Amino acid sequence: MKYKEIKNNVYYCGLNDCERKIFDELIPLEQGTSYNSYLVKGSLKTALIDTMYPPKSDEYIKNLDENGIEKVDYIIANHGEQDHTGALPKLLDKYPDAMVVTNQFCKNNIMEMLLIPENKIQVIKNGDELSLGDKTLKFYMAPGVHWPDTMFTHIKEDNLLCTCDFLGAHYTFEDIFANDSKELEHAAKRYYAEIMMPFRKMCQKYTKQLQELSPEMILPSHGPIYKNPKFILDLYADWSSDEAKNLVVMPYVSMYGSVEEMINYLSDKLNAAGITTIKHDIVSDDLGDLAMALVDAKTLVLGASMVLASPHPAAANAAYLVNLLNPKLKYASIIGSYGWGGDLINKLTGMLCNLKIELIEPLLIKGKAKEETFKQLDKMAEEIIQKHSVNS
Ligand code: FEO
């Protein structure tokens, strides 16, 4: 594969991975992903910025050979996770004079995870610069998006900013430059929801910092290069803002249809009042879709059947995930149905302990909804409508 030039001797040398179906053994990938790596040829020195996922390392190194890259002086590790550092051991064998350049936190990570020898690592701090001759790399520490070791690398003279996972997308491409399409926006939002949303406040901070730095292009570690950084920075400003939208997300699991009937009834009532709802069958629907819906939602209503006097494991899994992702939700409630008893409400609300939410009176019934149940659902709908109208 012949490398494509991004600008003035800066090249894309990453790879698509169209076959990968799941990330972190957790996140379904709709169309695979890319692992981006960038080659910077200065007048005196050559650097690689980030490397490759281990299973793709041989192909990555073969491409370096095919493109005649005989000498690499520096390998910049913007983050220690192995989808970007996995090729380091093989690269250091191939280029024995190269030094890995990274921050102290990342140094510790790659020494532990990849057994990189300490004497092969050059440690830099926030604001440090590294000269390649006619090009300068400047490093900005960016802990929290999404690991404590994350940093950005600015190719100063060309004003290109490598942002690592931040602003990325699990997205494969032929054209290395983003087309700013709705499809890319969808992939970037899904990526934000699953990976960056737990660090929403940090995303706010770095989005603002990058708007001020005003790079000509943003070069993330997954997905295409943003020639128009405003496209992705505006989206991040919206997604990470404190403003929730007039949206209720309703993940549910329903063994005999009782919970689903109540969820549908409540959803219809909310829709009639102008509130958008997203119903999500936890068992059959894609987890990534639930994460995406949570990016903007103001209220969560979790619907659950009971198994062995406890919340259905699928509902517990959803509550655990929502709690981990820590979206900007303001309100939450629970709708449940049981056969012979047990503790549903306390167990599920206990699993939402990270969320800064106001709990709306939950509803737990035995078996199927009755006349009284629908009155209680009307009351729940009224409360949600009132809260959304006051705060929207
Ligand atoms: Fe793409 Fe945090 O690795």
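As a reminder, the structure under discussion sits directly above these lines.
Read on for an overview of the structure. (Residues numbered from 1 in each chain as written. Predicted model: local features only at pLDDT ≥ 70, side-chain atom pairs only at ≥ 80, totals over all residues. Heavy atoms only, no water.)

## So, the pairing of strand S10 (residues 99-102)
At step 1: Across three bridges, the pairing between strand S9 (residues 74-76) and S10 is parallel. When the sheet's bridge partners are listed, Ile 76 is paired in S10 with Val 101.
At step 2: Where S10 lies against strand S11 (residues 121-123), three bridges are found, and the strand directions are parallel. In the strand pairing of S11, Val 101 is matched with Gln 122. (Pairing = 2+ DSSP bridges. Helix = DSSP H or I, 4+ residues; strand = E, 2+ residues; numbered from the N terminus.)

## Some details on helix H5 (residues 182-196)
At step 1: A rise of 1.5 Å per residue sets the reference length of H5, with its 15 residues, at 21 Å; its end C-alpha atoms lie 19 Å apart and thus fit the reference within 8%.
At step 2: Among the 15 residues that make up H5, 11 are buried, leaving the element largely enclosed by the rest of the structure.
At step 3: Among all positions of H5, only Leu 184, Ala 187, Ala 188, Lys 189, Arg 190, Tyr 191, Tyr 192, Ala 193, Glu 194, Ile 195 and Met 196 are buried.
At step 4: Buried positions along H5 lie against strand S5 (27-28), helix H6 (200-213), helix H7 (229-240), helix H9 (287-296) and helix H10 (313-325). (Expected span 1.5 Å × (residues − 1). Buried < 20%, exposed > 50% of the residue type's maximum accessible area, 1.4 Å probe, protein only. Contact = heavy atoms within 4.5 Å.)

## Things to note about the sheet that holds strand S12 (residues 129-131)
At step 1: The strand order across the open sheet built from five strands is S12-S13-S14-S15-S16, with neighbouring strands paired in mixed fashion. With partners counted over all chains shown, the strands left at the sheet margins are S12 and strand S16 (217-220), one partner each. The sheet shows a mean angle of 25° between the axes of neighbouring strands, taken without regard to direction.
At step 2: Sheet topology note: the S12/strand S13 (residues 136-141) ladder contains three bridges and is antiparallel. Bridged to Ser 131 within S13 is Thr 136. (Axes fitted to C-alpha atoms, helices over the stretch in contact; angles between N-to-C directions.)

## Some points on the packing of H6 against H7
At step 1: As a packed pair, H6 and H7 sit with axes 9 Å apart at the nearest point and diverge in direction by 150°. Accordingly, the angle class assigned to the pair H6 and H7 is roughly antiparallel. The handedness of the crossing between H6 and H7 comes out as left-handed. Where H6 approaches H7, its residues Arg 200, Cys 203, Gln 204, Thr 207, Leu 210 and Gln 211 are matched on the opposing element by Leu 233, Asp 234, Tyr 236, Ala 237, Trp 239 and Ser 240. (Parallel < 35°, antiparallel > 145°, perpendicular 65-115°, else oblique. Left-handed = near helix turned anticlockwise from the far one by under 90°.)

## Brief notes about the environment of Asn 159
At step 1: By secondary structure assignment, the location of Asn 159 is in the loop between strand S14 (151-155) and strand S15 (160-164).
At step 2: Using a relative accessible area of 21% as the deciding quantity, one classes Asn 159 as partly exposed.
At step 3: It is 5.3 Å that separates the C-alpha atoms of Asn 159 and Pro 215, two residues lying 56 residues apart in sequence.
At step 4: Here Asn 159 is in contact with His 154, Ser 214, Pro 215, Glu 216 and Met 217, once residues within four sequence places are set aside.
At step 5: Side-chain polar atoms of Asn 159 contact the backbone oxygen of Ser 214, separated by 3.0 Å. (Polar contact = N/O pair within 3.5 Å; in protein donor to acceptor, adjacent residues only side chain to side chain.)

Scope: geometric values only; no functional claims are made or implied.
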